[in-house]
Amino acid sequence: MTPRVRFAPSPTGYLSIGNVRTALFNWIFARHEGGKFLLRIEDTDKERSKKEYEESIIDGLTWLGIDWDEEPERQSDRLAIYEKYLKRLLDEGRAYFCFCTPDELEAERQAQLSQGLQPKYGGRCRSIPKEEAARRAEKESHVIRFKMPSHTVSFTDLVRGKVTFDLDLMGDIIIAKGLDAPLYNFAVVIDDEEMAITHVIRGEDHLSNTPKQIAMQEVLGFKTPVYAHLPLILGPDKKKLSKRYLDASLKDFKERGYLPEAMLNFMVLLGWHPTVDKEIVSMDEAVKDFNFKKVQKSGAVFNQEKLEWLNAYYLKNLPADVLAKQIAPFIPPEWVKDEKKFKEVVDLEKERLRHLPDLKELAGFFFALPDYQPSLLIWKGAPKSVIADNLSFVANVVRGIPNHERWSRDAIEKYIMSVAAEKGRGEVLWPLRVALSGKDASPGPVEILYILGKEESLRRIETALGKLDLLQ
RNA sequence: GGCCCUAUCGUCUAGUGGCUAGGACAGCGCCCUCUCACGGCGUAAACAGGGGUUCGACUCCCCUUGGGGCUACCA
C-alpha cells in the first residue's frame, strides 16, 4: 500500500517553524516512499481559527516548494462526518453527554491535584440513562465524552520505539462540545481513517495524545496508523520554541530575507542528518536519503547562527540574475532601473550578504555617494599631500585609459594596480576606494570603478580632492 | 504532583562493544588582503553521575540527576 501522510495545521496563527518542520518531514517521507502528502486544515476551534492564517499556511508551504497531492481538506467542511460517528458512539454507549459545569470540573481537578492525583474526570455523568441524557441535551449545555477504556495501550513509534500508556489515567475525555462541534482528538481519529492516512508524523508534543486516539480507533474499529513523533524544536531556553524568543513564524523569516533553500536545508537538519556527514543538503538528496533511523530522539535547539550561515551560503551561490530578482522587493526601486548595473552590484556584493535586505546597507553608495569625513581618505597616517597626489595621479590614469581598451574590469585593474605597485598599495588603493565608495568598508576600488564608469568615478575622485583641501 | 519522552563539545550532530570520540555553526589565532567580505589553515571545546553486564563500555541494562512534553469545552 502506498503511504499517505498528512500535515494538519490549525489556522490559529501564522505557520510556525516547528510546524513547518513537521510539514517538511511528512513531505520528504511521502516523496521518499512515493506516497501521497495531504493537507488538512484543522479549524475546529471556531474562536481562534482565521481565514487569514489558513492563507498564510498555504502561502508558506508554496514558498518553500512543499506541494500536496490532493485538494486540501478543511475540518469545518466535514462536520456531517463527525456527527455521524458521534451519533454512533453515543448509540453504542461508547460516548455520553456530560452536563457538568466548568466550575464543577475545575473544583474536582483542584481537589485531585492537591491530593497528588492525576487529574481526570470522575465520570459523574457516565451513569445518566441514555434517553434522559438525550432529552436533557436538547436544552442543557453539554459536552460529549468518550468512555475511556482502562487497559494499557502500546504502539511502536518509528523514532522512539515501543511506547506504553495506561488509559486508566486519562479519564473520559471530551471529544465534542456538541454534535456539530468536534474537538481535536476525536476529529483527528475520524479524519485519519476517512483520509486513509497510513503514517502520522507529528511533533513530540502529541505523543501523549496518541494513546487516546488509538483507544478511539479501537472502539470504532479503525486501523491504527504508524506513528512517528519528531523531536521538538527548542528555543535558547530549551523549551518548546515560542514567539517569546524569536519571530518564529515562517512569514517572519521570509520577510527578513531568508531564502527558502536555506530554510529548508536548516530545518531538515534539525532532528535529522544525512547518511554522509554534510551540512549542505538539497531536498532531492534529503528525499533520496530519508530514513527514520536517522531521526533524533531529543529536542533540537534552534541555532540561529547556523541558519544565518546557511542563508549566506545560498545567497552567495545564487546566480546574480536570480538573486537580483529576489532582492528587488527589499531595496529602493530606482536601483533596479539600470538592470545591468544592478545585476553587477548584486554579483559583487553577494558574498557579503547574510539576508536579502542587507544589500540596502551595503550597496547604497553605488547609487549615491554618501557624505563622509575628509579624514577617512587618509591611509594610516600618510601625509595629506601624498594622498592628494596619488588621487590626482589615479584620476589622470583613469581619464587616460585608452579608448581602444574596453572599459573592462581587467583593463582597469591593469592600470590601477601598476600605479599601486609604484606608489604603494595602501597609499593608493585606500584613498581611491574611499573616494569611490565614501565608506571604510566596501568591495575593492577596481570593481567599484568598473561598475561606476569612468565619468562618475572621476567625479567622485574630484569630490575627494575637494575634501582633502578642507583638511588641516 | 502524575504520566510519557529524552541525555556526546556553547549549539546542530557522527558514533551502534575496542576510535587519539569525527564534522558543522559560533569562538579564538594565523594566512590572503587597501578595508569589508569570501576563501584557506590551525586551535580550544563533549560522552551528566553511580552501579552493573563484559576481557573491554560513549555504545547494552538498572538507578539517580538534569532537560522536555502532556496533564483544556486549544491543536
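Since we're looking at a predicted model, the values are computed, not measured.

## Describing the pattern of salt bridges
- Under the criterion given, the structure shown has 40 salt bridges.
- Residue Asp192 pairs with Arg40 through a salt bridge whose shortest N-O separation is 2.9 Å. You can see Asp192 sitting in helix 6 (residues 184-194) and its partner Arg40 sitting in strand 2 (residues 36-41), a full 152 residues away along the chain.
- The class for Asp192 is buried, based on a relative accessible area of 4%.

## Brief notes about the domain arrangement of chain A
- Looking at the assigned domains, one finds that chain A contains domain 1 (4-233), domain 2 (318-366) and domain 3 (374-470).
- Measuring from the centre of the C-alpha atoms in domain 1 to the corresponding centre in domain 3 gives 69 Å.

## What about helix 17 (residues 425-437)?
- For helix 17, spanning 13 residues, the distance from its first C-alpha to its last is 17 Å, which sits close to the expected 18 Å at 1.5 Å a residue.
- Among the 13 residues of helix 17, ten are classified as buried, and the element is accordingly described as predominantly covered.
- Within the sequence span of helix 17, burial applies to Gly426, Val428, Leu429, Pro431, Leu432, Arg433, Val434, Ala435, Leu436 and Ser437.
- Looking one or two places after helix 17, you find Gly438, whose phi comes out positive at around 70°.

## Concerning the sheet that holds strand 9 (residues 181-182)
- Strand order in the open sheet made by the four strands is 4-5-8-9, with antiparallel pairing throughout. Strand pairing shows two members of the sheet lacking a second neighbour, strand 4 (95-98) and strand 9, which therefore form its edges.
- Alignment of strand 5 (residues 143-146) against strand 8 (residues 174-178), held across two bridges, turns out to be antiparallel. If you follow Ile144 over to strand 8, its bridge partner there is Ala176.

The rules behind these values
Residues numbered from 1 in each chain as written. Chains lettered and ligands numbered in written order. Predicted model: local features only at pLDDT ≥ 70, side-chain atom pairs only at ≥ 80, totals over all residues. Heavy atoms only, no water. Salt bridge = Lys/Arg side-chain N within 4 Å of Asp/Glu carboxyl O. Helix = DSSP H or I, 4+ residues; strand = E, 2+ residues; numbered from the N terminus. Buried < 20%, exposed > 50% of the residue type's maximum accessible area, 1.4 Å probe, protein only. Domains from an automatic or database assignment. Expected span 1.5 Å × (residues − 1). Pairing = 2+ DSSP bridges.

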